[in-house]
Amino acid sequence: MRTNISVITTFSLSGFNELTNLRVIVFVLTLLCYCFILFANIALIMTIAFDKTLHEPMYIFLCGFCLNALSGTMGFYPKFLSDLLSPVQVISYAGCLLQAWVLYSFICSDIAILTIMAYDRYLAICRPLEYHNILSKRRLWGLMCYSCVTPFCVVGVNILLTSRLRLCSSVITKFFCVNWIIVKLACSPSDTVINNIVANITIILYVSHCLFIMWSYLYLSKMCLNSIENKAKFLNTCVPHLVSLLTFLFSILFDIMSMRLGLFRIPQNLLNFFAIEVLLFPPLINPLIYGFKLTKVRRRIISLVTFKAKSRDSVALFYQHPRLHEKKKEADSSVVQYMRANKRLLLFHHRTRHQG
């Protein structure tokens, strides 16, 4: 029976049915992961923002990477955590489309930023003398806007096309809203032809981004074999990008192959885990990879930690050590005595002058 889209006002998230006896454990683990994601990404952003020596293109792109991770996880974790504690797992129609928009924008933006970072590494290693001329401030912010605005608009077109569909079911078999699953709930397959075309164009666009990244790193690895300096630069700055890219691509490709193509016949709860993997591992691992692998960032974080630790230890040692504390008291008392004697001497001179 064909129903009007206005009839469906909420969606039911049936993925939680598999977690009936594990919700408290999953809630605690998820909350810890989300807190660590927030702490690690914000710490990296603040480190780059407040250190002027890190105001270079690569670190600005990294800052955008972390900001994108925060926005993407914000679209998933708060709702997921509240659903784990709620007896009913539902989401409004508008909220579902908004969540799909935010999550898909996060994924596409991540791919775009990784592409820009690959281009940045190509310029830094292969064309170092022209690096600052090519990657000027204007072009830098233009690339940052491209990585944010283009995914937002491209995904927005997909969501807008989904919003016009007449739906015959309100059950989503995952923990969160996925645009492709909403499209599959359409009453008539003929209504989804345009959705499929636009979705395939979007996939081709961002797969081409991934192919460019892989080509650029293969090219860089070949170029860097001839130079020890370039090889060190490649291992220091490009390896973190490659690890981040491979983690991200594995999550995305597995989800596409299982959801769209149905290539894997595995239990639904395992499918749901792989679906949230892209929202778990990249935002969790990327700050650690970039924070500890990139030399400048690592040194800055270590210097901040050691400086605070030394300051705290020195203050504690000063007040805990009895001799130091006694010496401070003696110094304070001697200063007071000196000031009193000085005051008496001034009064004596004043009186003698007045009498004379």
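Relevant structure appears above.
All figures in this text were calculated on a predicted structure; none of them were measured in a lab.

A.B. asks: Would you mind going over the overall build of the chain with me for this structure?
C.D. replies: Secondary structure assignment for the chain yields 12 helices and 3 strands. Out of the 356 residues belonging to the chain, those deemed buried represent 42%. Pairs at least 24 residues apart make up 79% of the contacts formed inside the chain by residues separated by at least 6 positions. For the chain, the accessible area works out to roughly 20,400 Å², and carbon and sulfur atoms hold 68% of it.

A.B. asks: I tried to follow the packing of aromatic side chains on my own but got confused; where do I start?
C.D. replies: Centre distance and the angle of the planes are the two values used to describe a pair of aromatic rings. Inspection of every chain in the model, using the stated rule, returns 12 aromatic pairs. Ring geometry for Phe76 and Phe176: centres 5.5 Å apart, planes at 85°, overall edge-to-face. Of this pair, Phe76 sits in the loop between α2 (57-74) and α3 (77-85) while Phe176 is found in the loop between β3 (171-172) and α7 (179-184), placing the two residues 100 residues apart along the sequence. Residue classification places Phe76 among the buried positions, given a relative accessible area of 2%. Considering the side-chain rings of Phe80 and Phe175, the 5.4 Å spacing of their centres and the 70° angle between planes classify their relative orientation as edge-to-face. Linking Phe80 in helix α3 with Phe175 in the loop between β3 and α7, this pair joins segments that are 95 residues apart in sequence. Taken individually, Phe80 and Phe175 each receive the classification buried, so the pair is uniform in this respect.

A.B. asks: Where do I start with the environment of Asn68 in this structure?
C.D. replies: Within the secondary structure layout, Asn68 lies in helix α2. We classify Asn68 as buried; its relative accessible area is 9%. Taking the C-alpha atoms as reference points, Asn68 and Ser105, separated by 37 residues in sequence, lie 9.1 Å from one another. In terms of polar contacts, Asn68 uses its side chain to reach the backbone carbonyl oxygen of Phe106, at 3.0 Å.

A.B. asks: What is the right way to look at a nonpolar patch on the surface in this model?
C.D. replies: Together, Leu22, Val24, Ile25, Val28, Leu29 and Leu32 make up an exposed nonpolar region whose accessible area comes to about 580 Å². Along the chain, Val28 turns up in helix α1 (residues 23-50).

A.B. asks: Looking at this structure, how should I read the nonpolar core?
C.D. replies: The nonpolar side chains of a soluble globular protein tend to be buried with one another. Counting residues in hydrophobic clusters, the biggest one holds 85 residues, and the most contacted among them are Phe11, Phe76, Leu167, Ile172, Phe175, Phe176 and Ile182. At 17 residues, helix α4 (residues 93-126) tops the list of elements feeding residues into this core. Discounting residues that sit within four places of it in the chain, Phe11 has contacts with Gln89, Val90, Ile91, Ser92, Tyr93, Cys96, Leu167, Ser169, Ser170, Ile172, Ile182 and Leu185.

A.B. asks: How should the side chain of Asn195 be read in this particular structure?
C.D. replies: Secondary-structure assignment places Asn195 in helix α8 (residues 193-224). Ignoring any residue separated from it by four or fewer positions in sequence, one finds Asn195 in contact with Asn158, Leu161, Thr162, Arg164, Leu165 and Val183.

A.B. asks: Looking at this model, I keep getting lost on the pattern of salt bridges. Mind explaining?
C.D. replies: Across all of its chains, the model carries 4 salt bridges by this definition. Residue Asp83 pairs with Lys79 through a salt bridge whose shortest N-O separation is 2.6 Å. In this pair, Asp83 and Lys79 both sit in helix α3, 4 residues apart, roughly one turn of the helix. Judged by relative accessible area, which is 3%, Asp83 ranks as buried.

A.B. asks: Help me understand the side chain of Thr115, please; the structure alone is not making it clear to me.
C.D. replies: Examined against the element boundaries, Thr115 turns out to sit in helix α4. Under the relative-accessibility criterion, Thr115 is labelled buried at 12%. Ignoring any residue separated from it by four or fewer positions in sequence, one finds Thr115 in contact with His209, Phe212 and Ile213.

A.B. asks: Can you walk me through the packing of helix α6 (residues 137-163) against α8 in this structure?
C.D. replies: The relative placement of two packed helices comes down to the angle between their axes together with the axis-to-axis distance. Between α6 and α8, the least distance of the axes is 9 Å, while the angle of their chain directions is 160°. With respect to their mutual orientation, α6 and α8 come out roughly antiparallel. Like other packed secondary-structure pairs, α6 and α8 cross with a definite hand, here left-handed. Here Tyr146, Thr150, Pro151, Val154, Val157, Asn158, Leu161 and Thr162 of α6 lie close against α8, whose contacting residues are Ile194, Asn195, Val198, Ala199, Thr202, Leu205, Tyr206 and His209.

A.B. asks: Mind showing me how you'd approach the state of the cysteines here?
C.D. replies: Note: disulfide means a covalent bond formed between the sulfur atoms of two cysteine side chains. What the rule picks out here adds up to 2 disulfides. Here Cys96 engages in a disulfide with Cys177; their sulfurs sit 2.0 Å apart. Here the disulfide of Cys96 and Cys177 is left-handed, its torsion about the S-S bond being about -120°. Of this pair, Cys96 sits in helix α4 while Cys177 sits in the loop between β3 and α7, placing them 81 residues apart in sequence. With a relative accessible area of 0%, Cys96 lands in the buried category. Covalent S-S linkage joins Cys168 and Cys187, the inter-sulfur distance amounting to 1.8 Å. What sets the handedness of the Cys168 and Cys187 disulfide is the S-S torsion sign, and at about 115° it is right-handed. With Cys168 in the loop between α6 and β3 and Cys187 in the loop between α7 and α8, this pair connects stretches of sequence that are 19 residues apart. Note on Cys168: relative accessible area 39%, which makes it partly exposed. Ordering the disulfide-forming cysteines of the chain by sequence position, one finds them joined as 1-3, 2-4.

Reading the values: rules and limits
- Residues numbered from 1 in each chain as written.
- Predicted model: local features only at pLDDT ≥ 70, side-chain atom pairs only at ≥ 80, totals over all residues.
- Heavy atoms only, no water.
- Helix = DSSP H or I, 4+ residues; strand = E, 2+ residues; numbered from the N terminus.
- Buried < 20%, exposed > 50% of the residue type's maximum accessible area, 1.4 Å probe, protein only.
- Contact = heavy atoms within 4.5 Å.
- Areas by Shrake-Rupley, 256 points an atom, 1.4 Å probe, with all protein chains shown as cover.
- Phe/Tyr/Trp six-rings, centres within 6.5 Å; stacked < 30°, edge-to-face > 60°.
- Polar contact = N/O pair within 3.5 Å; in protein donor to acceptor, adjacent residues only side chain to side chain.
- Patch = residues over 30% accessible without salt bridge, like charges linked within 9 Å, V, L, I, M, F, W, Y side chains within 5 Å.
- Salt bridge = Lys/Arg side-chain N within 4 Å of Asp/Glu carboxyl O.
- Core = buried A, V, L, I, M, F, W, Y, C linked by side-chain atoms within 4.5 Å.
- Axes fitted to C-alpha atoms, helices over the stretch in contact; angles between N-to-C directions.
- Parallel < 35°, antiparallel > 145°, perpendicular 65-115°, else oblique.
- Left-handed = near helix turned anticlockwise from the far one by under 90°.
- Disulfide = S-S within 2.5 Å.

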